[in-house]
Amino acid sequence: MSEPIIEVRHLSKSFGTHVVLRDVDFTVNHGDVTCVIGASGSGKSTLLRLLHIPDDNTSGQVLFDGIDIRRLTPESLNSLVSVVQQNVFVFNASIRDNITMFRAFPQETLDEVIRRAHLEELVARRGLDALCGEGGCELSGGEKQRIAIARALLKQSSILLADEATAALDAQTAHEITQDILSLTGITRVVVTHRLEASLLECYDEILVLKDGRIAETGTFAELAQRGGYFSAMYKLAH
Ligand code: ADP
Ligand code: MG
């Protein structure tokens, strides 16, 4: 499918006199995975926030399936979009309840989501009824992220947003979680990252390069690398 699901139209955002996003304009098609990359302070988190928190104090628009997200009810926006944060909120409840958020689902549905979120190993080792501990202290950082992914899949969200979700994880786990997000099918993803890893960057349908709140460049990893512009300079600096 190549129908747009997310359309960001001439989006600008200021905090006081500080312009943080300038005329940001892009489209994400159904099922695609888009990467947002840029230096610290370039506006990545602000952009991602505007994709799930409607803000009247902007110019431009964010549309989901052609509808301005400011016209969606909080409930429909919440069911449409899931966000994987750096700190996943985990209840001191069972692994099952943390995935289902205390709702009932058929076991097959739950099993399928556990498989897609790569939680089989945890579930095989500890069992679905094992308690996660206060703030999820019985789980590793990677397992918490996978629980957040599982929640999104169970909600059947159309859109998954991740803002440096893996930044607090060790490099190997961060790589694995990013790969898990990249390999999901049937869900549109926008991933903010500062990790310039070719093997991951190659997997994105499109990379948006932010510089001082503007989209400086867009393209696939191969296109950007070949262009020899801002992204390419950033990539070379990091290697
Ligand atoms: P990034 O995620 O790329 O590091 P951010 O979107 O967090 O960038 O921030 C972009 C700029 O916007 C920064 O200069 C930051 O200080 C500023 N900024 C972000 N949020 C706020 C806010 N709530 N109030 C004032 N300035 C903000
Ligand atoms: Mg940020």
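Residues numbered from 1 in each chain as written. Chains lettered and ligands numbered in written order. Predicted model: local features only at pLDDT ≥ 70, side-chain atom pairs only at ≥ 80, totals over all residues. Heavy atoms only, no water.

Let us now look at the site of ligand 1. The environment of ligand 1 is made up of Phe 15, His 18, Val 20, Ala 39, Ser 40, Gly 41, Ser 42, Gly 43, Lys 44, Ser 45, Thr 46 and Arg 49. Separating an oxygen atom of ligand 1 from a backbone N or O atom of Gly 43 is a distance of 3.1 Å. For ligand 1, whose free accessible area comes to 560 Å², the fraction covered by protein is 61%. Every element with two or more residues in the shell around ligand 1 is listed here: β2 (18–29) and α1 (44–50). For the shell around ligand 1, the element with the most residues is α1, which contributes 4 residues. When grouped by side-chain class, the residues that make up the shell around ligand 1 number 3 nonpolar, 7 polar and 2 charged. (Near = heavy atom within 4 Å. Polar contact = N/O pair within 3.5 Å; in protein donor to acceptor, adjacent residues only side chain to side chain. Areas by Shrake-Rupley, 256 points an atom, 1.4 Å probe, with all protein chains shown as cover. Helix = DSSP H or I, 4+ residues; strand = E, 2+ residues; numbered from the N terminus. Nonpolar A, V, L, I, M, F, W, Y, C, P; charged D, E, K, R; others polar.)

Counted by the stated rule, this structure contains 10 salt bridges. Ionic pairing is found between Arg 115 and Glu 112, a salt bridge with its closest N-O pair at 3.2 Å. Of this pair, Arg 115 and Glu 112 both sit in helix α4 (residues 107–116), 3 residues apart, roughly one helical turn. Exposure remark for Arg 115: the relative accessible area of 44% places this residue in the partly exposed category. Between Arg 146 and Asp 180 there is a salt bridge, and its shortest N-O distance comes to 2.9 Å. Linking Arg 146 in helix α6 (residues 141–155) with Asp 180 in helix α7 (residues 171–183), this pair joins segments that are 34 residues apart in sequence. As far as burial versus exposure is concerned, Arg 146 and Asp 180 are alike and both buried. Salt bridges sharing partners connect three or more residues here, namely Glu 7, Arg 9 and Asp 25. (Salt bridge = Lys/Arg side-chain N within 4 Å of Asp/Glu carboxyl O. Buried < 20%, exposed > 50% of the residue type's maximum accessible area, 1.4 Å probe, protein only.)

Another point: the sheet that holds β2. The strand order across the open sheet built from 4 strands is β2-β1-β4-β5, with neighbouring strands paired in antiparallel fashion. On the outer flanks of this sheet lie β2 and β5 (67–68), each paired with one strand and no other. Both strand β1 (residues 4–15) and strand β4 (residues 59–64) contribute to a ladder of 5 bridges, which runs antiparallel. The residue of β4 that forms the bridge with Ile 6 is Phe 64. (Pairing = 2+ DSSP bridges.)

This paragraph deals with α7. Since there are 3.6 residues in each turn of an α-helix, residues three or four apart along the chain are aligned in direction. With 13 residues, α7 should cover 18 Å at 1.5 Å per step; its first-to-last C-alpha distance of 18 Å lies within 8% of that length. Residues Thr 173, Ala 174, His 175, Ile 177, Thr 178, Asp 180, Ile 181 and Leu 182 constitute the buried set of α7. Looking at the buried positions of α7, the neighbouring elements they touch are β3 (33–38), α6, β7 (159–163), β8 (188–192) and α8 (198–201). For α7, the side-chain oxygen to backbone nitrogen distance between the N-cap and Gln 172 is 3.2 Å, and the N-cap itself is Asp 170. (Expected span 1.5 Å × (residues − 1). Contact = heavy atoms within 4.5 Å.)

Attention now goes to the nonpolar core. Counting residues in each nonpolar core, the largest one holds 48 residues, and the members touching the most others are Ile 37, Ile 99, Leu 201, Ile 207 and Phe 231. Those residues within four positions of Ile 207 in sequence are excluded, and the remaining contacts are Cys 35, Ile 37, Leu 201, Glu 217, Thr 218, Gly 219, Thr 220, Phe 221 and Leu 224. Ranked by size, the runner-up nonpolar core spans 24 residues in total, among them Ile 6, Leu 11, Leu 50 and Leu 161. (Core = buried A, V, L, I, M, F, W, Y, C linked by side-chain atoms within 4.5 Å.)

We now examine the state of the cysteines. Here the structure, examined in full by the defined rule, presents 0 disulfides. Free of any disulfide, Cys 137 has its nearest neighbouring cysteine sulfur in Cys 132, separated by 9.1 Å. Its relative accessible area of 55% is what places Cys 137 among the exposed residues. (Disulfide = S-S within 2.5 Å.)

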